[in-house]
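The residues making up each chain are set out below.
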Amino acid sequence: MDREAVPVAEEDGRRRIARTDVVLADPRLAGAAGRLGRGVVKAAVVAAQRRARSGEIPPDAVADAAVASLPPTASGLRPVINATGVLLHTNLGRAPLSDAARGAVAVASGATDVELDLATGRRAKRGRSVLDALLERVPQAEAAHVVNNGAAALVLAATALAAGREIVISRGEMVEIGDGFRIPELLAATGAVLREVGTTNRTSPDDYAAAVGERTGFILKVHPSNFRVAGFTRAADVSELTGLGVPVVADIGSGLLAPEPLLPDEPDAASVLKAGADLVTASGDKLLGGPQCGLLLGREDVVRRLARHPIARALRVGKMTLAALEATVRGPRTPTEEALRAGAAALRERAERLAARLREEGIDAAAVDSGAAVGGGGAPGVVLPSAAVALPEPFAARLRRGVPAVMGRVEDGRCLLDLRAVPPGEDAAVAAAVREAAAP
Ligand SMILES: *Cc1c(COP(=O)(O)O)cnc(C)c1O
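Here the residue index of a chain counts from 1 through its sequence in written order. The predicted origin of the model limits local features to residues at a pLDDT of at least 70 and limits the giving and counting of side-chain atom pairs to 80 or more, whereas totals for whole chains, interfaces and linings rest on all residues. Excluded from the side-chain calculation are hydrogens and water; included are all heavy atoms of the structure.

Peer 1: Account for the site of the ligand, with residues named and values stated.
Peer 2: Whether a residue is near a molecule or strand depends on its heavy atoms: it is near if one of them lies within 4 Å of it. Within the structure, the ligand sits among 14 residues, and Ala151, Ser225, Asp251, Ser283 and Lys286 are positioned closest to it. Two N or O atoms form a polar contact when they lie within 3.5 Å of each other; inside protein one atom must be a possible hydrogen donor and the other a possible acceptor, and for residues adjacent in sequence the pair counts only when both atoms belong to side chains. Between the ligand and Ser225, the relevant distance is 2.6 Å, taken from an oxygen atom to a side-chain nitrogen or oxygen of the residue. Between the ligand and the protein, one listed contact pairs an oxygen atom with a side-chain N or O atom of Ser283 at 2.7 Å. For the accessible areas, the method is Shrake-Rupley and the probe is 1.4 Å, while residue cover comes only from the protein chains on display. When the free accessible area of the ligand is taken as 380 Å², the share hidden by the protein chains comes to 95%.

Quick look at the structure:
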């Protein structure tokens, strides 16, 4: 129905509400249907018509209201600028991918040769090029395998090497990672029996030696990645556990492939394998800076046993993960590495520039020194000197609800936007978001 065709004298305003198909023809809504799906856009139109019928909005505002209420993306996941000062924020999906990895994901998201050799036309080993990339970066490993996350890597190791047998583990390494996820419970769920040795603060190589026997599947070393024990302590090194006749598996957590001079206490795959570990497990989306996945690196026969276990199929990763991981391992510095390496002076300069720009627009902003953290179960207690833009506290909630959302942290009654985890190229987007949040 054409709106002009409605008699002006029509008392019932509802008659002047355009029909759904007419509103859907609005170019903005037609375009959105291509991006978000017709169902989503239609639901927004129907909701706007209902508001018009109830008198909440004028009849001629239906299309505008529908456009305004559309979700910004086709999934419920919203883009967030991480200004928390926590580099690997678990609630924000841990490591953000590099542009190289995002590009690789986009390519792999269509039909791709993930299990096909295009030269011969035959089936090929899944993920072969990412496994090669890992072995090039970690020559100490004879073989590699990739699963869904760090927890899956542990499940696979425990299932394949210790189901119905014992895993020898120090009482000082019975770790809860977060959100109630406890490594001992995960291991026990596989049917392995935990053989605890030592005490919370002290476990010696002799404690392990005394517990190893016929029923031992492997010795497990777990990196206490999110807490520190200080004082009267003793933990056995991997190198002290290699002569006991059973495999030594090391869960290093963060996924560093080689030593990171800025984080001297974080274990890395190359060093732990060099020390004699038979297998290393790690996450892909912590300090490695890649997609969510779990890495298994180590002895050829051990890795092969894991990869061929029936449960491996249930833990395997998709083509987009393989693509992102390879681009992370081979590619340029990751955003996580950039954030880790950013100089405090350069961060302060960015904060000064941003704050000055916002003050010119009448916003109460100031550059302040800040302390950032690695987070995500890595480098506990390490404070990375950083800089932030301080705003009045009410900005925190308003920025969180913007598009893109900007997630700061509230400290001493102020909203701090810590710049260490914000790529420099996003400063303009942060400024725009603050401006938007300041608008009445
Ligand atoms: C993070 C972490 C895990 C769990 O890895 P996910 O990738 O989160 O499944 C296991 N062990 C350690 C030591 C960790 O730090």
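Peer 1: Give a detailed account of the pattern of salt bridges, specifying residues and quantitative values.
Peer 2: Whenever a carboxyl oxygen of Asp or Glu lies within 4 Å of a side-chain nitrogen of Lys or Arg, that contact is scored as a salt bridge. One pass over the structure, following the stated rule, counts 31 salt bridges. For Arg299, the salt bridge identified is with Asp301, shortest N-O distance 2.8 Å. Type-normalised accessible area, obtained with a 1.4 Å probe on protein chains alone, sets the label of each residue: buried when under 20%, exposed when over 50%, and partly exposed for intermediate values. For Arg299, a relative accessible area of 32% corresponds to the partly exposed category. Ionic pairing is found between Arg333 and Glu338, a salt bridge with its closest N-O pair at 3.8 Å. What makes Glu338 partly exposed here is its relative accessible area of 41%. What emerges from the salt-bridge pattern is a single network uniting Glu260, Arg333, Glu337, Glu338 and Arg341.

Peer 1: Give me the packing of aromatic side chains: which residues, what numbers.
Peer 2: Only the six-membered ring of Trp is used, alongside the rings of Phe and Tyr, when aromatic pairs are assigned; centres must lie within 6.5 Å, and planes under 30 degrees apart are stacked while those over 60 apart are edge-to-face, with the rest tilted. Counting across every chain of the model gives 0 aromatic pairs. Arg202 extends its terminal NZ or CZ atom over the ring of Phe232, reaching a point 4.0 Å from the ring centre. The ring centre of Phe395 lies 5.4 Å from the NZ or CZ of Arg398, which sits over that ring. Counted as over-ring charges are cases with an Arg CZ or a Lys NZ within 6 Å of the ring centre that also lie within 35 degrees of the ring normal.

Peer 1: Give a description of the pairing of strand E10 (residues 248-253) that names residues and reports values.
Peer 2: Among the 6 residues of E10, 6 are classified as buried, and the element is accordingly described as predominantly covered. Burial along E10 is two-sided: the residues Val248, Ala250 and Ile252 and Val249, Asp251 and Gly253 are all buried. Strands are treated as partners if at least two bridges between them are detected by DSSP. The helix count covers DSSP runs of H or I at least four residues long, the strand count covers runs of E at least two residues long, and both are numbered beginning at the N terminus. Sheet topology places strand E9 (residues 216-222) next to E10; 4 bridges connect them, and they run parallel. Following the sheet pairing, Lys221 is matched in E10 by Ala250. Across 4 bridges, E10 lies against strand E11 (residues 279-283) in parallel orientation. Following the sheet pairing, Ala250 is matched in E11 by Val280. You can see the chain leave E10, run along helix H10 (residues 269-274) and come back into E11, and the turn it takes is right-handed. By definition, the crossover connecting two strands over a helix is right-handed if that path, from the first strand to the second, turns clockwise as seen with the strands pointing away from the viewer.

Peer 1: How would you explain the UniProt feature "modified residue: N6-(pyridoxal phosphate)lysine" (unreviewed entry) in the protein chain if you had to name every residue and give the values?
Peer 2: UniProt positions are given in the numbering used here, feature names are shortened, and annotations may be inferred rather than shown by experiment. Under the UniProt annotation, "modified residue: N6-(pyridoxal phosphate)lysine" (unreviewed entry) lies at Lys286. By the secondary structure assignment, Lys286 is in the loop between E11 and strand E12 (294-298). The class for Lys286 is buried, based on a relative accessible area of 4%.

Peer 1: How would you explain the sheet that holds strand E4 (residues 143-147) if you had to name every residue and give the values?
Peer 2: Strands sit in the order E4-E12-E11-E10-E9-E5-E8 across an open sheet of 7 strands; the sheet is mixed. Pairing within the sheet leaves two strands with one partner each, and these edge strands are E4 and strand E8 (193-197). With direction set aside, neighbouring strand axes in the sheet form an average angle of 25°. Strand direction decides the pairing type here: E11 and E12, joined by 5 bridges, are antiparallel. Within the sheet, the bridge partner assigned to Leu279 lies in E12 and is Gly298. Here, axes are lines fitted to C-alpha atoms. For helices the fit covers the stretch in contact, and angles between N-to-C directions go from 0 to 180 degrees.

Peer 1: Break down the domain arrangement of the protein chain for me, with residues and values.
Peer 2: Frequently, the measure chosen for interface size is the accessible area that the parts lose on association. Where each domain starts and ends follows an automatic or database-derived domain assignment. We note that the domain assignment places domain 1 (16-69), domain 2 (80-92 + 338-438) and domain 3 (99-332) within the protein chain. Once you take the C-alpha centre of each, domain 1 and domain 3 turn out to be 51 Å apart.

Peer 1: Can you lay out the layout of surface pockets for me, pointing to particular residues and giving the numbers?
Peer 2: Estimated volume of the second largest pocket: approximately 990 Å³. A cavity here means a set of points on a 1 Å grid, drawn over the protein atoms and nothing else, where a 1.4 Å probe fits but cannot get out; a pocket is an open set with protein on both sides within 12 Å along at least five of seven lines, and a residue lines either one if it has an atom within 4 Å of a point. What lines the second largest pocket is a set of 38 residues, among which Lys221, His223, Pro224, Ala235 and Asp265 lie closest to the centre. Taken together, the elements giving at least two residues each to the lining of the second largest pocket come down to E9, E10 and H10. Here the element with the most residues in the lining of the second largest pocket is E10; it accounts for 3 residues. For this classification, Asp, Glu, Lys and Arg are treated as charged, while Ala, Val, Leu, Ile, Met, Phe, Trp, Tyr, Cys and Pro are nonpolar and the rest, including Gly, are polar. Classifying every residue of the lining of the second largest pocket by side-chain character gives 18 nonpolar, 10 polar and 10 charged. Viewed by domain, the lining of the second largest pocket spans two of them, domain 2 (80-92 + 338-438) and domain 3 (99-332), each represented by three or more residues. Grid points are joined across faces, edges and corners, and a volume is the space filled by probe spheres set on the points.

Peer 1: Describe helix H2 (residues 27-36), with residues and values.
Peer 2: Residues Leu29, Ala32 and Leu36 constitute the buried set of H2. Relative to the axis of H2, the buried residues are bounded by an arc of 60° and lie together on one face. Away from its buried face, by an angle of more than 90 degrees, H2 presents the exposed residues Pro27 and Gly34. We call two residues in contact whenever any of their non-hydrogen atoms come within 4.5 Å of each other. As for H2, its buried residues are in contact with helix H1 (20-24), helix H3 (38-53) and helix H4 (62-68). Structurally, the start of H2 carries an N-cap: the backbone nitrogen of Arg28 is 2.8 Å from a side-chain oxygen of Asp26. Summarising the geometry, the arc corresponds to the directions from the helix axis toward the C-beta atoms.

Peer 1: Please set out the sheet that holds strand E17 (residues 414-418) residue by residue, giving values where relevant.
Peer 2: Backbone hydrogen bonds are what pair the strands of a sheet, in a parallel or an antiparallel way. Ordered in space as E13-E14-E17-E16, the 4 strands form an open sheet in which the pairing is antiparallel. Across the chains shown, the open sheet's two edge strands, defined by having one partner strand only, are strand E13 (366-372) and strand E16 (409-411). Direction aside, the axes of adjacent strands within the sheet are offset by 45° on average. Sheet topology places strand E14 (residues 384-392) next to E17; 5 bridges connect them, and they run antiparallel. Counterpart to Ala388 in the pairing with E17 is Asp418. Its contacts with the sheet place helix H15 (residues 344-360) against E13 and E14, and it is angled at close to 10° to E14.

Peer 1: Explain the side chain of Thr321 residue by residue, including any values.
Peer 2: Mapped onto the elements, Thr321 comes out in helix H13 (residues 319-330). Exposure remark for Thr321: the relative accessible area of 19% places this residue in the buried category. With residues up to four places along the chain from it excluded, the contact list for Thr321 reads Pro291, Gln292 and Cys293.

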